[in-house]
Amino acid sequence: MTRKKGRNDQSPLDEVAGNGLLNRRALLGRGLSLAGAAGVGAGVTGAAAEPLKDDEWSAYQGKTVGPVGVRSKHEDKTIRVLSNPKGEPRTQHARTPHHLLNGTITPSHLHFTILHNGIPDIDPEQHRLVIHGMVKQPKMFTLDRLMRYPMVTRQTFIECGGNSALMFSNEPVQQTLQYLHGVVSNSEWTGVLLSTLLDEVGIDPQAKWMLVEGADTAALTRSVPLTKAWDDAIVVLYQNGQRLMAEQGYPMRLLLPGWEGNMNIKYVRRIKITDQPAMTFYEARNYSPLLPDGRAYKFYFVNEVKSFITHPSFGTTLKEPGYYEISGIAYSGTGTIKRVMVSADGGQSWAEAAIQGPVQDKAFTRFHIPWRWDGQHAVLTSRAVDDGGNIQPLRADFIKTRGQSKTPVTNPMAFGNNHYNSLTSWGINSKGEISHVYI
Ligand SMILES: Nc1nc2c(c(=O)[nH]1)N[C@H]1C(S)=C(S)[C@@H](COP(=O)(O)O)O[C@H]1N2
Ligand SMILES: [Mo]
């Protein structure tokens, strides 16, 4: 009698799904034998027995160290792409190059940004935050004063509602992740819980909303339900350990973990406690996604569960068949990432990816899975599930309810519809070239 091959009998090099997806356990400690057996070819050559020769850079004293760190000049292509490089008086976007980064934290200088009226030059000494409206005692907070409050630190992503707008194109736009999903980033933020400040001013029990206003020219305002304010909202002062970048809202911003980027008001100067939403421009017009039948969402606050493969992805070419690690980013605005499934055959079969911990609430989570490319046509895609059981919708289902453009979108900076959280797929041809495909 032949025993059926159980899970534990599997070699790490066994295929667990079609087109060469390998067991994610192969990543845990057996990587080297995997490299040998599966063939990590290019760039690994046998070491010579004689001592290494000194290169030019080993022979002289290096450059003088300055007060602020610099990255290698060889990394000068790892930059944000800009929608409005001349700073014309309209919205400016700068997009994160996800295809060139790894890990989960977005370096502060590569954090995406959207600014409707440029970067205001705020004097932190003179900046004030006022909380008023349906409160017992309105209060004005200076930065100095806020710095004395108890602070919390957490990681969370911020995602513009318009991120992935190109995915609404009826034909896949041939662009890097930077263009497709570049207006989401993930940082570690430190600041004062908004609930601490609300406790201090005393909230009228009839109050339900707050109107939040920024100090830039746009005086960007959004209405936020007080439930979110009590839950996990933060008045942020630090980003990745240092004071906020000018683009991220220096000297203070509102952070609403997992909620639409636009509501995370930067340069926050006023919070008015109210009993109803104000229906401002950005909530009544700009960020109320349209449905195919002409109706629009009244509010769409949460960034839902989503993932995309960053390595390999559009913009790179696989040089030869053999072993590769597929890796990407998953996140959910309602909780933690529970599972990420990966397919190498366009969704016909799926394997579970390894999740890099610690897995944090409403934060980027990196996933990995080993893959042996046989040099044939393959289609890579990922599908994430969060701890609430929410799963990324398949594209066909997503498009059915949310619609897509009638003609191909050609402008890579176009902003169309909002809140795309369906799949992203990479087609690989026999030359190893990667294109963006729909499945
Ligand atoms: N005051 C102010 N807050 C703002 C904006 C702005 O232009 N002014 N842009 C909003 C938009 S549209 C987004 S998506 C996020 C982007 O945050 P980030 O620049 O830190 O990535 O900030 C939001 N908060
Ligand atoms: Mo946004």
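None of these values were measured; they are calculated from a predicted model.

1. Looking at the overall build of the protein
- What the protein contains, in helices and strands, is eight helices and 24 strands.
- For the protein, whose C-alpha radius of gyration is 24 Å, the value lies close to the compact-globule estimate of 22 Å for 439 residues.
- Dimensions of the protein, computed from C-alpha atoms along their principal axes, come out at roughly 75 × 65 × 45 Å.
- Within the protein, the proportion of its 439 residues that are buried is 50%.
- Looking at the protein alone, contacts between residues at least 24 apart form 73% of all its contacts between residues at least 6 apart.
- Total accessible area on the protein stands at roughly 21,200 Å², and carbon and sulfur atoms take up 53% of it.
- Computed over 47 positive and 40 negative side-chain charges, the inter-centroid distance for the protein is 4 Å.

2. Brief notes about helix α8 (residues 395-402)
- For α8, the complete set of buried residues consists of Arg395, Phe398, Ile399 and Arg402. Buried residues of α8, viewed axially, fall in a sector of 95°; they line one side. The outward face of α8, more than 90 degrees from its buried face, is lined by the exposed residues Ala396, Lys400 and Thr401.

3. Some words on the packing of aromatic side chains
- Enumeration over the complete set of coordinates arrives at 15 aromatic pairs.
- Pairing phenylalanine 281 with tyrosine 282 gives two aromatic rings, centres 5.0 Å apart and planes at 85°, and the pair type is edge-to-face.
- Using a relative accessible area of 12% as the deciding quantity, one classes tyrosine 282 as buried.
- The rings of Phe157, Phe308, Tyr331 and Phe364 are connected pair by pair, giving a single aromatic cluster.
- Directly above the aromatic system of tyrosine 238 lies the positively charged group of arginine 243, at a separation of 5.8 Å from the ring centroid.
- One Lys or Arg, arginine 395, reaches over the ring of tyrosine 438 and ends 3.4 Å from the middle of that ring.

4. Quick notes on the sheet that holds strand β15 (residues 268-274)
- What the five strands build is an open sheet, ordered β7-β6-β15-β10-β11; its pairing is mixed. The outermost strands of the open sheet, each flanked by one partner alone, are β7 (139-142) and β11 (221-225). Direction aside, the axes of adjacent strands within the sheet are offset by 20° on average.
- In the sheet, strand β10 (residues 209-214) pairs with β15 via six bridges, with the strands oriented antiparallel. From the neighbouring strand, glycine 214 faces β15, where its bridge partner is valine 268.
- Where helix α5 (residues 194-201) meets the sheet, its contacts fall on β6 (128-133), β7, β10 and β15, and the angle it forms with β6 comes to roughly 55°.

5. Notes on the nonpolar core
- Among the nonpolar cores identified, the biggest contains 46 residues, and Leu194, Leu197, Met210 and Ile273 are the most heavily contacted of them.
- One finds Val81, Tyr331, Trp373 and Ala414 within the second-largest nonpolar core, a separate group that totals 44 residues.

6. Structural notes on the site of ligand 1
- Neighbouring ligand 1 are 20 residues, the closest being Phe112, Thr113, Asp216, Arg253 and Lys266.
- The contact in question runs from a nitrogen atom of ligand 1 to an N or O atom on the backbone of isoleucine 114, over 3.1 Å.
- Lysine 266 places a side-chain nitrogen or oxygen 2.4 Å from an oxygen atom of ligand 1.
- Expressed as a share of its isolated accessible area of 530 Å², the protein-covered part of ligand 1 is 100%.
- Here the element with the most residues in the shell around ligand 1 is strand β5 (residues 113-115); it accounts for three residues.

7. Describing the confidence of the model for the protein
- Looking at the protein as a whole, its pLDDT mean stands at 92, while 92% of the residues score no less than 70.
- Segment residues 1-8: pLDDT under 50, and five contacts once partners within four positions in sequence are set aside and those in other chains are kept.

8. Considerations on α5
- Residues of α5 that are buried: Leu194, Ser195, Leu197, Leu198 and Val201. The arc that holds every buried residue of α5, seen down its axis, measures 160°, which confines them to one face.

9. Re the pairing of strand β23 (residues 425-428)
- The side-chain alternation of β23 yields two buried faces, one formed by Ser425 and Gly427 and the other by Trp426 and Ile428.
- Sheet analysis places β23 next to strand β24 (residues 434-437), joined by four bridges and oriented antiparallel. Each residue of the ladder has a partner; that of glycine 427, found in β24, is serine 435.
- The turn joining β23 and β24, which pair antiparallel and follow one another in sequence, is formed by five residues; a positive phi near 85° is taken by glycine 432.

10. Remarks on a negative patch on the surface
- Taken together, the side chains of Asp121, Asp123, Glu125 and Asp144 define an acidic patch exposed on the protein surface.
- Locating aspartate 144 in the fold gives a position in helix α3 (residues 143-146).
- Overall, the relative accessible area of 59% leaves aspartate 144 in the exposed class.

11. A short note on the domain arrangement of the protein
- Per the domain assignment, the segments making up the protein are domain 1 (128-167 + 181-286) and domain 2 (306-437).
- Relative placement of domain 1 and domain 2: their C-alpha centres are 31 Å apart.
- Domain 1 puts 24 residues into the contact, and the matching count from domain 2 is 24 residues.
- Here arginine 154 and aspartate 361 are joined by a salt bridge, their closest N and O atoms 3.3 Å apart.
- One can count 14 residue pairs in polar contact (both at pLDDT 80 or more) joining domain 1 with domain 2.
- Going through the elements one at a time, β8 (152-159) and β9 (184-193) are the ones with two or more residues in the side of domain 1 that touches domain 2.
- Here the side of domain 1 that touches domain 2 gets five residues from one element, more than from any other, and that element is β8.

Here is what the cut-offs are and how they apply
- Residues numbered from 1 in each chain as written.
- Chains lettered and ligands numbered in written order.
- Predicted model: local features only at pLDDT ≥ 70, side-chain atom pairs only at ≥ 80, totals over all residues.
- Heavy atoms only, no water.
- Helix = DSSP H or I, 4+ residues; strand = E, 2+ residues; numbered from the N terminus.
- Rg over C-alpha atoms; globule rule 2.2 N^0.38 Å.
- Buried < 20%, exposed > 50% of the residue type's maximum accessible area, 1.4 Å probe, protein only.
- Contact = heavy atoms within 4.5 Å.
- Areas by Shrake-Rupley, 256 points an atom, 1.4 Å probe, with all protein chains shown as cover.
- Lys, Arg positive; Asp, Glu negative; His and termini not counted.
- Charge placed at Lys NZ, Arg CZ, Asp CG, Glu CD.
- Arc of directions from axis to C-beta.
- Phe/Tyr/Trp six-rings, centres within 6.5 Å; stacked < 30°, edge-to-face > 60°.
- Lys NZ or Arg CZ within 6 Å of the ring centre and 35° of its normal.
- Pairing = 2+ DSSP bridges.
- Axes fitted to C-alpha atoms, helices over the stretch in contact; angles between N-to-C directions.
- Core = buried A, V, L, I, M, F, W, Y, C linked by side-chain atoms within 4.5 Å.
- Near = heavy atom within 4 Å.
- Polar contact = N/O pair within 3.5 Å; in protein donor to acceptor, adjacent residues only side chain to side chain.
- pLDDT = per-residue confidence, 0-100.
- Patch = residues over 30% accessible without salt bridge, like charges linked within 9 Å, V, L, I, M, F, W, Y side chains within 5 Å.
- Salt bridge = Lys/Arg side-chain N within 4 Å of Asp/Glu carboxyl O.
- Domains from an automatic or database assignment.

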